[in-house]
Amino acid sequence: MEDWVSQLRRGVLELCILSLIEQGPQYGYEIVTRLAETPQLAAGEGTIYPLLRRLKKEAWLETFWQESAAGPPRQYYRLTASGAEGLQRMRSEWSQLVGAVGGYLEGGPRSDG
Amino acid sequence: MDEQVKRYLKEFRSGLRHIPATERDDMVKEMESHIAEALSSGRPVADVLARLGPADRLARAMAAQALLDAPDDGLRMRRWFAILGLLAFTGLPSLVIVPGLALLIFAFGFAGVVGTVVSFLSLTILHNMVTTSLPHPNVPGGAEIVTLPFSMLLGLVAVGLTWLLNRYIKFLLTAARNVMH
């Protein structure tokens, strides 16, 4: 059960992160904090930072450093063109999937013997 | 900077020693920034570090991702050594199976290449010079009819084992990357 939930979370985390960043460039700590507002995702720094790294390597995200008033510079993440496109595709995949699963949960397609 | 934070970052940096310096510096810089942000929002140091989890585990997750991302090209040898170093903590799998497989690949590959080349040369150019043509009662011509395809088969085995090794490495790295819940 735990394994299933953990796999589910891992699967959707990328979609959530990209959607967050779509709203505007954000830095790591910001992203971590906002995701922590939904404990159902149970996404910690150890999962989020490697994921951000992978998305950057795949050129879906790009980064830039910016000085901050009180403290070290922050690394901001923003969507690239291919990232925005990828997010759109993920969104549509997601709604199709959710629709189909919802059908099953409500007792959908059944094979009558 | 707080002593605890300094210690944490030092351990974090140490856990990243298997990856290229520029990437390592970037990661440490980002983690430093993250911790500073967390502290400036008023959270206690112990709390912040506890949430991050053990420094070596966090570093391992980041390094594993970096190695998974790394292109499989010219930096071959360096990437291999980095992977071995990182996976050393898994014990048996990396210290025995990975080098063991690599050795087998080398052995099969070497035998395959040498065998193919020698058999081919023996059949053609060096026909009269290389005496691998052992008289065989049932096989017309020479032993090359057996050694040539057999050598190529050895080469194929090497290719297959290489594919297997790559898959296994990817599996190990992914497990290391996913180690944080």
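Residues numbered from 1 in each chain as written. Chains lettered and ligands numbered in written order. Predicted model: local features only at pLDDT ≥ 70, side-chain atom pairs only at ≥ 80, totals over all residues. Heavy atoms only, no water.

### A short note on the overall build of chain A
Stage number 1. Secondary structure summary: chain A contains four helices and three strands in total.
Stage number 2. In chain A, the succession of helices and strands from N to C terminus is α-β-α-α-β-β-α.
Stage number 3. Here chain A has a C-alpha radius of gyration of 17 Å; the compact-globule value for 113 residues is 13 Å, and the former is much larger.
Stage number 4. C-alpha extents for chain A along the principal axes are approximately 70 × 30 × 20 Å.
Stage number 5. Sorting the 113 residues of chain A into buried and exposed places 38% on the buried side.
Stage number 6. When contacts within chain A are restricted to residue pairs at least 6 apart in sequence, those whose partners lie at least 24 apart make up 52%.
Stage number 7. As presented, chain A carries roughly 6700 Å² of accessible surface, and 55% of it is formed by carbon and sulfur atoms. (Helix = DSSP H or I, 4+ residues; strand = E, 2+ residues; numbered from the N terminus. Rg over C-alpha atoms; globule rule 2.2 N^0.38 Å. Buried < 20%, exposed > 50% of the residue type's maximum accessible area, 1.4 Å probe, protein only. Contact = heavy atoms within 4.5 Å. Areas by Shrake-Rupley, 256 points an atom, 1.4 Å probe, with all protein chains shown as cover.)

### Side note on the side chain of Glu37(B)
Stage number 1. Within the secondary structure, Glu37(B) sits in helix H2 (residues 21-40).
Stage number 2. Take Glu37(B): its relative accessible area is 9%, and that puts it in the buried class.

### A few points about the interface of chain A and chain B
Stage number 1. Counting residues at the interface gives 23 residues for chain A and 26 residues for chain B.
Stage number 2. In total, chain A and chain B occlude about 2300 Å² of area from one another, counting both sides; carbon and sulfur atoms represent 52% of this.
Stage number 3. On the chain A side of the interface with chain B, the three residues burying the most area are Tyr29(A), Glu45(A) and Arg53(A), jointly 29% of the side's total.
Stage number 4. Here chain A is connected to chain B by four salt bridges.
Stage number 5. The salt bridge involving Arg53(A) is made with Glu23(B); its shortest N-O contact spans 3.0 Å.
Stage number 6. In this assembly, chain A and chain B are joined by 13 residue pairs in polar contact (both at pLDDT 80 or more).
Stage number 7. Counting residues per element, the ones that place at least two in the side of chain A that touches chain B are helix H2 (28-36), helix H3 (45-57) and strand E3 (74-79) of chain A.
Stage number 8. Considering every element that reaches the side of chain A that touches chain B, the biggest residue donor is H3(A), with eight residues. (Buried area = accessible area lost by both parts, 1.4 Å probe. Salt bridge = Lys/Arg side-chain N within 4 Å of Asp/Glu carboxyl O. Polar contact = N/O pair within 3.5 Å; in protein donor to acceptor, adjacent residues only side chain to side chain.)

### Some remarks on the nonpolar core
Across soluble globular proteins, you tend to see nonpolar side chains buried next to one another.
Stage number 1. Counting residues in each nonpolar core, the largest one holds 62 residues, and the members touching the most others are Ile17(A), Leu52(A), Phe12(B) and Leu16(B).
Stage number 2. Ranked by residues supplied to this core, first place goes to helix H4 (residues 55-69) of chain B with eight residues.
Stage number 3. If sequence neighbours within four positions are ignored, Phe12(B) has contacts with Met27(B), Val28(B), Met31(B), Ala55(B), Leu58(B), Ala59(B) and Met62(B). (Core = buried A, V, L, I, M, F, W, Y, C linked by side-chain atoms within 4.5 Å.)

### Some thoughts on the pattern of salt bridges
Note on pairing: side chains with opposite charge can pair once their charged atoms come close.
Residue and element names in this part refer to chain A.
Stage number 1. Here the structure, examined in full by the defined rule, presents eleven salt bridges over all chains.
Stage number 2. The partner of Arg54 in a salt bridge is Glu14, and the shortest N-O contact between them spans 2.8 Å. With a gap of 40 residues between them, Arg54 in helix H3 and Glu14 in helix H1 (residues 2-22) connect regions that are remote in the sequence.
Stage number 3. For Arg89, the salt bridge is made with Glu85, and the minimal N-O distance between the two is 3.7 Å. Taken together, the residues span about one helical turn, with Arg89 and Glu85 both in helix H4 (residues 81-105) at a distance of four residues.
Stage number 4. Three or more residues are tied together by salt bridges with common partners; here these are Glu14, Arg54 and Glu58.

### Concerning the packing of aromatic side chains
Stage number 1. Taken as a whole and judged by the stated rule, the model has four aromatic pairs over all chains.
Stage number 2. Through a chain of ring-to-ring contacts, three or more aromatic side chains come together here, namely Tyr27(A), Phe64(A) and Tyr76(A).
Stage number 3. The residue whose ring lies beneath Lys29(B) is Trp65(A), and the NZ or CZ to ring-centre distance is 4.2 Å. (Phe/Tyr/Trp six-rings, centres within 6.5 Å; stacked < 30°, edge-to-face > 60°. Lys NZ or Arg CZ within 6 Å of the ring centre and 35° of its normal.)

### Some details on the environment of Gly155(B)
Residues and elements named next belong to chain B.
Stage number 1. Along the polypeptide, Gly155 turns up in helix H7 (residues 144-177).
Stage number 2. For Gly155, a relative accessible area of 21% puts it in the partly exposed group.
Stage number 3. Taking C-alpha positions, Gly155 is 45 Å from Pro54, a pair spaced 101 residues apart along the chain.
Stage number 4. In this view, Gly155 contacts Phe108 and Gly112; residues no more than four positions away in its chain are not counted.

### So, the sheet that holds strand E2 (residues 61-66) of chain A
Residues and elements named next belong to chain A.
Stage number 1. Sheet architecture is open: three strands sit in the order E1-E3-E2, paired in antiparallel fashion. The sheet terminates laterally at strand E1 (26-27) and E2, the two strands that pair on one side only.
Stage number 2. With two bridges connecting them, E1 and E3 associate as antiparallel partners. Residue pairing for E3: Tyr27 is matched across the bridge by Tyr76.
Stage number 3. Against the sheet, H1 engages E1, E2 and E3, with an angle of about 100° to E3.
Stage number 4. Each of E2 and E3 touches H3; the most contacted strand, E2, lies at about 110° to it. (Pairing = 2+ DSSP bridges. Axes fitted to C-alpha atoms, helices over the stretch in contact; angles between N-to-C directions.)

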